[in-house]
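Spelled out from the first residue to the last, the chains are:
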Amino acid sequence: MHRSSDLPYADPDADWSLPGWLYTDAEYFELECARVILPSWQIVCHESDLAEPGAWRTLSYLGEQLVAVRGTDGVIRGFHNVCRHRAMRLVEGASGCARKLVCPYHAWVYELDGRLSGVPMKRDYPALRLEENGLASVAVEIWRGFVFVRLEDDGGPSVATMMAPYDAEVAPYRFEEMRRLSDVRERERRVNWKNVGDNYSDNLHIPVAHDGLTRLFGKSYAIEAAGWVDRMSGELVDRPSSDWWERFYQTHLPRVDHLPEANQRRWLYYKLWPNMAFDIYADQIDFMQWLPLTPTTSLLREMSFALPDARREMRLVRYANWRINRTVNAEDTWLIERVQEGMASSSYTAGPIGASEVCLRSFAAKIRERIPEARQHRAPPPGWSRRVRGV
């Protein structure tokens, strides 16, 4: 099954996929990062990861490192992890907790709300105004317990607005009460970031390349595109799988009393514009984010969360879930690395896209709206992006 909501504009190239050069071209990559990734929301962590004042978590992308920190007033704020004196990194690593943020280079001191409060030899800086040299802030949004940051505001929708079409469906899972099951996993992939997302929303490859998911879902796999979010779903079938871990999951998945009956054996997937996704199961949720590194490499960032549940069968089922998805991820990696190689072939321009491929159509339309040159099936002559920028 597939369904697409009406886009606010008609895409004249709707029947064509994005062309191959968009997955390899350095000029295009730079422009795309500026127009697509820079103003997009990116997930950092869950609120529970910043449980106490001074707790912080970092996120790096597009050459920037950001830190989300909970203040003494309980508010979570986002800052560039850069001292205003000599650009030294203030905190090191993925997470920590501090009463104040103290620069390890010259000991400039920042409060948890970003204010500059201490400078050794302050009188030695005639131009210094403490109130004008606090940490550079970034926008923060909390959506159902998850912390998002954004480097630039171009007027795009909030996370809550993007997820609004499915808010009622998500609500029973009680995201706000969840806690981390595992630390962040990061894996570099030799693919353009769009290839990761394209594959995630591609329904046609499921029966071809994912035997396990086909055994679990049968023909129930469905997709739809609703504005800024793609929704995928599958219903666990009753027929026992021939695979041991899949059969174990089917057989031992315990009832989750706070979920509606229809959700007990449903797997849900939501892909948010442009590069994030939640995998939602009755037993847990997984988060995945694919951050661009270069035109042909990206960083996958993953973490898992769940409601506290001490039942032995729940612990075992969560492990079975991980075993199942480890196989799916390996299959997807094999696929997208070869697609990436094909995108670089001189023989490939743009492929026809099916009417049922509603998620790929929706994503491609948004890319073309932001970068009209993406409509060209072949790369423009070198230097085209400077002309677009007016340089």
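Heads up: the structure comes first, above all this text.
Residues numbered from 1 in each chain as written. Predicted model: local features only at pLDDT ≥ 70, side-chain atom pairs only at ≥ 80, totals over all residues. Heavy atoms only, no water.

Once that is clear, we can look at the overall build of the protein. Helix and strand content of the protein: ten helices and 19 strands. Here the C-alpha atoms of the protein give a radius of gyration of 23 Å, agreeing with the 21 Å that 2.2 N^0.38 yields for 391 residues. Principal-axis analysis of the C-alpha atoms places the extent of the protein at approximately 75 × 60 × 35 Å. Residues counted as buried form 53% of the 391 residues belonging to the protein. Intrachain contacts of the protein at a sequence separation of at least 6 include 67% that bridge at least 24 residues. (Helix = DSSP H or I, 4+ residues; strand = E, 2+ residues; numbered from the N terminus. Rg over C-alpha atoms; globule rule 2.2 N^0.38 Å. Buried < 20%, exposed > 50% of the residue type's maximum accessible area, 1.4 Å probe, protein only. Contact = heavy atoms within 4.5 Å.)

Time to look at the packing of aromatic side chains. This structure, assessed with the given rule, holds 26 aromatic pairs. On the numbers, 6.0 Å between centres and 80° between planes, the contact of W193 with F363 is edge-to-face. You can see W193 sitting in helix α4 (residues 193–200) and its partner F363 sitting in helix α9 (residues 358–370), a full 170 residues away along the chain. In this structure, W193 and F363 share a single accessibility class: buried. Sitting over the ring of F363, K271 keeps its end group 4.4 Å from the ring centre. Here the basic side chain of K366 rests over the ring of W228, its NZ or CZ set 5.6 Å away from the ring centre. (Phe/Tyr/Trp six-rings, centres within 6.5 Å; stacked < 30°, edge-to-face > 60°. Lys NZ or Arg CZ within 6 Å of the ring centre and 35° of its normal.)

The subject of this paragraph is the pattern of salt bridges. On inspection of all chains with the given rule, the structure shows 26 salt bridges. Here R266 makes a salt bridge to E169, at a shortest N to O gap of 3.9 Å. In this pair, R266 sits in strand β16 (residues 266–272) while E169 sits in helix α3 (residues 167–170), placing the two residues 97 residues apart along the sequence. Here the two residues R266 and E169 agree in accessibility, since each one is buried. Residues R311 and D309 are paired through a salt bridge, measuring 2.8 Å at the closest nitrogen-oxygen approach. Among the charged side chains, a salt-bridge network with shared partners connects D11, D13, R368 and R375. (Salt bridge = Lys/Arg side-chain N within 4 Å of Asp/Glu carboxyl O.)

Now for the layout of surface pockets. Approximately 700 Å³ is the volume found for the largest pocket. Along its surface, the largest pocket is lined by 35 residues, and D279, M288, E302, N325 and N329 are the ones closest to its centre. Those elements that provide at least two residues to the lining of the largest pocket are β13 (185–189), α4, β18 (285–294), β19 (297–306) and α8 (312–343). When residues in the lining of the largest pocket are grouped by element, the largest group, eleven residues, is from α8. Among the residues forming the lining of the largest pocket, the class breakdown is 15 nonpolar, ten polar and ten charged. (1 Å grid on protein atoms, 1.4 Å probe; cavity = no way out; pocket = protein on both sides within 12 Å on 5 of 7 lines; lining within 4 Å. Points joined across faces, edges and corners; volume = space filled by probe spheres on them. Nonpolar A, V, L, I, M, F, W, Y, C, P; charged D, E, K, R; others polar.)

On to the sheet that holds strand β3 (residues 55–61). One open sheet accounts for seven strands, arranged β2-β11-β10-β5-β4-β3-β6; its pairing is antiparallel. Either end of the sheet is taken by a strand with one partner, and the two such strands are β2 (42–46) and β6 (95–97). Strand-to-strand twist of the sheet, defined as the mean angle between neighbouring strand axes without regard to direction, takes the value 30°. Two strands pair when backbone bridges link them, and strand β4 (residues 64–70) and strand β5 (residues 76–80) are joined in this way by five bridges, in the antiparallel orientation. Bridging from a neighbouring strand, L66 pairs with H80 of β5. (Pairing = 2+ DSSP bridges. Axes fitted to C-alpha atoms, helices over the stretch in contact; angles between N-to-C directions.)

Moving on, we come to the side chain of S17. Along the chain, S17 turns up in the loop between β1 (2–4) and α1 (26–37). Overall, the relative accessible area of 17% leaves S17 in the buried class. Contact partners of S17, with chain neighbours within four places excluded, come to Y348, A350, G351, I353 and R368.

A few words on the state of the cysteines. What the rule picks out here adds up to zero disulfides. No disulfide involves C103; its sulfur sits 3.9 Å from that of C83, the nearest cysteine. (Disulfide = S-S within 2.5 Å.)

With that settled, the discussion passes to the nonpolar core. By size, the foremost hydrophobic cluster in this structure holds 90 residues, and its most contacted members are W267 and F278. Element by element, the count of residues in this core is highest for α8, at seven residues. Apart from the residues within four sequence positions on either side, F278 is in contact with I43, W143, F146, F148, Y200, L268, Y269, Y270, L272, I285, D286 and F287. (Core = buried A, V, L, I, M, F, W, Y, C linked by side-chain atoms within 4.5 Å.)

Sizing a probe to match a water molecule and rolling it over the atoms shows the empty space that remains. Under the definition given, this model contains one cavity of 30 Å³ or more. In this model, the largest cavity occupies a volume close to 80 Å³. Of all the elements in the fold, those that place two or more residues in the lining of the largest cavity are β15 (229–235), β16 and α9. Examining the composition of the lining of the largest cavity, we find that four residues originate from one element, α9, more than from any other. Here the residues of the lining of the largest cavity sort into seven nonpolar, two polar and three charged.

Our next topic: the side chain of E27. Relative to the helices and strands, E27 resides in helix α1. Buried charge without a salt bridge: E27, with R386 as the nearest opposite-charge side chain at an N-O distance of 5.1 Å. Those residues in contact with E27, other than ones at most four positions away along the chain, are P382, G383, W384, S385 and R386. (Lys, Arg positive; Asp, Glu negative; His and termini not counted.)

Our focus in this paragraph is the pairing of β18. The side chains of a regular strand alternate, residue by residue, between the two faces of the sheet. With eight of its ten residues buried, β18 lies for the most part within the structure. With five bridges joining them, strand β17 (residues 276–280) and β18 adopt antiparallel strand pairing. Pairing of M276 across the sheet is with Q289, part of β18. Across nine bridges, the pairing between β18 and β19 is antiparallel. Looking across to β19, one finds that I285 is bridged to F305. Counting the residues between successive antiparallel strands, the hairpin from β18 to β19 contains two residues.

Just distances and angles here, no functional claims.
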